[in-house]
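Chain and residue survey
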Amino acid sequence: MRSFAPLVLSLLGATAAVSAESAAADSDVITLTTDTFKDFVKEHELVLAEFYAPWCGHCKALAPKYEEAATELKSKDIPLVKVDCTVEEELCRDYEVDGYPTLKVFRGAESPKPYGGARQTDSIVSYMTKQSMPAVSDVTEDNLEEFKTLDKIVIVGYVGSDDKAADKSFAEFAEAQRDNYLFGVSHDAALAKSEGVKQPSIVLYKDFDEKKATYDGKLDEESILKWVKTASTPLVGELGPETYSKYMAAGIPLAYIFAETAEEREKFAEDFRPIAEKHRGDINIVTLDAKLFGAHASNLNLEPEKFPAFAIQETSKNAKYPYDQEKKLDAKEVGKFIKNVLAGKVEPSIKSEPIPETEEGSVTTVVGKNYQQVVIDNEKDVLVEFYAPWCGHCKALAPKYEELAALYADVPEFKEKVVVAKIDATANDVPDSITGFPTIKLYPAGKKDEPVEYNGSRTVEDLVSFIKENGKYEIDGLAGDAKKPQEGGDVTSSASQAAETPAPSEEAHDEL
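- Going by what an unreviewed UniProt entry lists, the protein chain is known as Protein disulfide-isomerase and is assigned to Penicillium citrinum.
- Under Subcellular location (unreviewed entry), UniProt gives the following word-for-word description of the protein chain: "Endoplasmic reticulum lumen".

**Describing the sheet that holds strand β16 (residues 364-365)**
- A sheet is described by the order of its strands in space; here five strands give the open sequence β16-β18-β17-β19-β20, paired in mixed fashion. Of all strands in the sheet, those bounded by a partner on one side alone are β16 and β20 (452-453).
- Sitting on the sheet, helix α17 (residues 460-470) touches β17 (381-387), β18 (418-424), β19 (439-443) and β20, and the angle it makes with β19 is about 30°.

**Considering the packing of aromatic side chains**
- For the coordinates displayed, the defined rule picks out 21 aromatic pairs.
- Ring geometry for Phe-258 versus Phe-307: centroids 5.7 Å apart, planes at 20°, classification stacked. Note that Phe-258 is positioned in strand β12 (residues 254-259) and Phe-307 in the loop between α12 (290-293) and β14 (309-314), a separation of 49 residues in sequence. When sorted by exposure, Phe-258 lands in the same class as Phe-307, which is buried.
- Taking 6.3 Å as the distance between ring centres and 80° as the angle between the ring planes, the aromatic pair formed by Phe-310 and Phe-337 counts as edge-to-face. Note that Phe-310 is positioned in strand β14 and Phe-337 in helix α13 (residues 331-342), a separation of 27 residues in sequence. Like Phe-310, the residue Phe-337 is buried in the burial classification.
- Taken together, the ring pairs connect Phe-268, Phe-272, Phe-310, Tyr-323 and Phe-337 into an aromatic cluster.

**Topic: the packing of helix α15 (residues 392-409) against α17**
- Taken N-terminus to C-terminus, the directions of α15 and α17 make an angle of 45°; their axes are 10 Å apart at the nearest point. Overall, the two elements α15 and α17 adopt an arrangement that is oblique. The two elements α15 and α17 meet at a crossing, and its hand is right-handed. Of α17, the residues touching α15 (which contributes Lys-400, Glu-403, Leu-404, Leu-407 and Tyr-408) are Val-460, Leu-463, Val-464 and Ile-467.
- Of the residues in the contact of α15 with α17, the class split is seven nonpolar, no polar and two charged.

What counts, and where the lines are drawn
- Residues numbered from 1 in each chain as written.
- Predicted model: local features only at pLDDT ≥ 70, side-chain atom pairs only at ≥ 80, totals over all residues.
- Heavy atoms only, no water.
- UniProt positions renumbered as here; feature names shortened; annotations may be inferred.
- Pairing = 2+ DSSP bridges.
- Helix = DSSP H or I, 4+ residues; strand = E, 2+ residues; numbered from the N terminus.
- Contact = heavy atoms within 4.5 Å.
- Axes fitted to C-alpha atoms, helices over the stretch in contact; angles between N-to-C directions.
- Phe/Tyr/Trp six-rings, centres within 6.5 Å; stacked < 30°, edge-to-face > 60°.
- Buried < 20%, exposed > 50% of the residue type's maximum accessible area, 1.4 Å probe, protein only.
- Parallel < 35°, antiparallel > 145°, perpendicular 65-115°, else oblique.
- Left-handed = near helix turned anticlockwise from the far one by under 90°.
- Nonpolar A, V, L, I, M, F, W, Y, C, P; charged D, E, K, R; others polar.

Set out below in structure tokens:
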């Protein structure tokens, strides 16, 4: 599989039904220029700024959501502004804008920091609301009910007034997670009792599932965070632009239910809720709109356009477990499948081309079925190019990559220690996240779990140096008997690395 980038792009693109237009006179998004920007942000305690380009597809998709968020946040005195980087080039360089759109949070004269939320209206409002409040707000009997409604998820620590250690631990956790959650604290024993908890306890209030979850375990950051991540995740959620990155970062397997209608998805969510409760913390289960995002089924080794369908993805290893599409999607039977996958009783599905019987050149061709053997399970330094057949940069690199491979393959003592390989990442499953083509990584002998990605210019000489500097054996391929490359063999300059070929669904100008 190429990577999950295509799904991210499709999720974003599918919501871009409304194109961005020139700012209307009544727009709540404020347009700033080089002359007005710095004074404006200094005069306001909190500002969210979008640096954009008019031709950028992602900017156009963001525009209506950004406008809606600006309108909602206006009442909270949190302005949203935008800067056209095709006009204000120097200003954008000053703030190190290297892709569009770039969102940054400004606090008066302080240095800005990157916006860390999703590019959806609710996410922008939620994130900026958190930014406008202290890391921990004081919660009382008078404001508790109002505080619960400030966000979809709010977390309140009920701590004794004399429990300094618990108070400190909760405050430190809140400070570390303030971008992700809204925190409050109460030292009122009577209020804790009325909420049905003892001191110290942490209560997560949410507008879904059981509405409330309580934690009374160890007050260390790792334990609390693990609990919060589990408690804040819906038993059966809906996968979309706003939730995708959260599920990918959860660190546990993700189960997809593909269904074409909202009624189907609601029915499946209800049927699978007991299963999700049983395996809570071990796997996340989501429904997915098959009409919008059905193409992602092929990334999970499912047959696309044959729905409803189910698959499990172990996100940390990119292992995929598609459920037999010839079978009815019955929650009870799928529940057994989930149990077996979690118990390690099901072999992952591997999309793979046939293992080559012979090699046509010096570059070793890797496929899904022999990836582990050729790249990982050996004591060689293995350089791998992840490519796509349609990628122009990959085609340009091919003759030089072959020349590079010959430097090692033609020298017996080198051949036993260094392998130069390639894999079509569109036709074979690979465990790595690949977001552009070509991607080149070195898997050093003895450190296969620490691959080093190559970002230099694509000359044979520089690639040889990269292998020598990062490989276990420090072999200089140019020191062998193989013919050295001719002068002027640069395929692409180092500056062109930023223009690596992205997934085909990206618009040509969406990113710099």
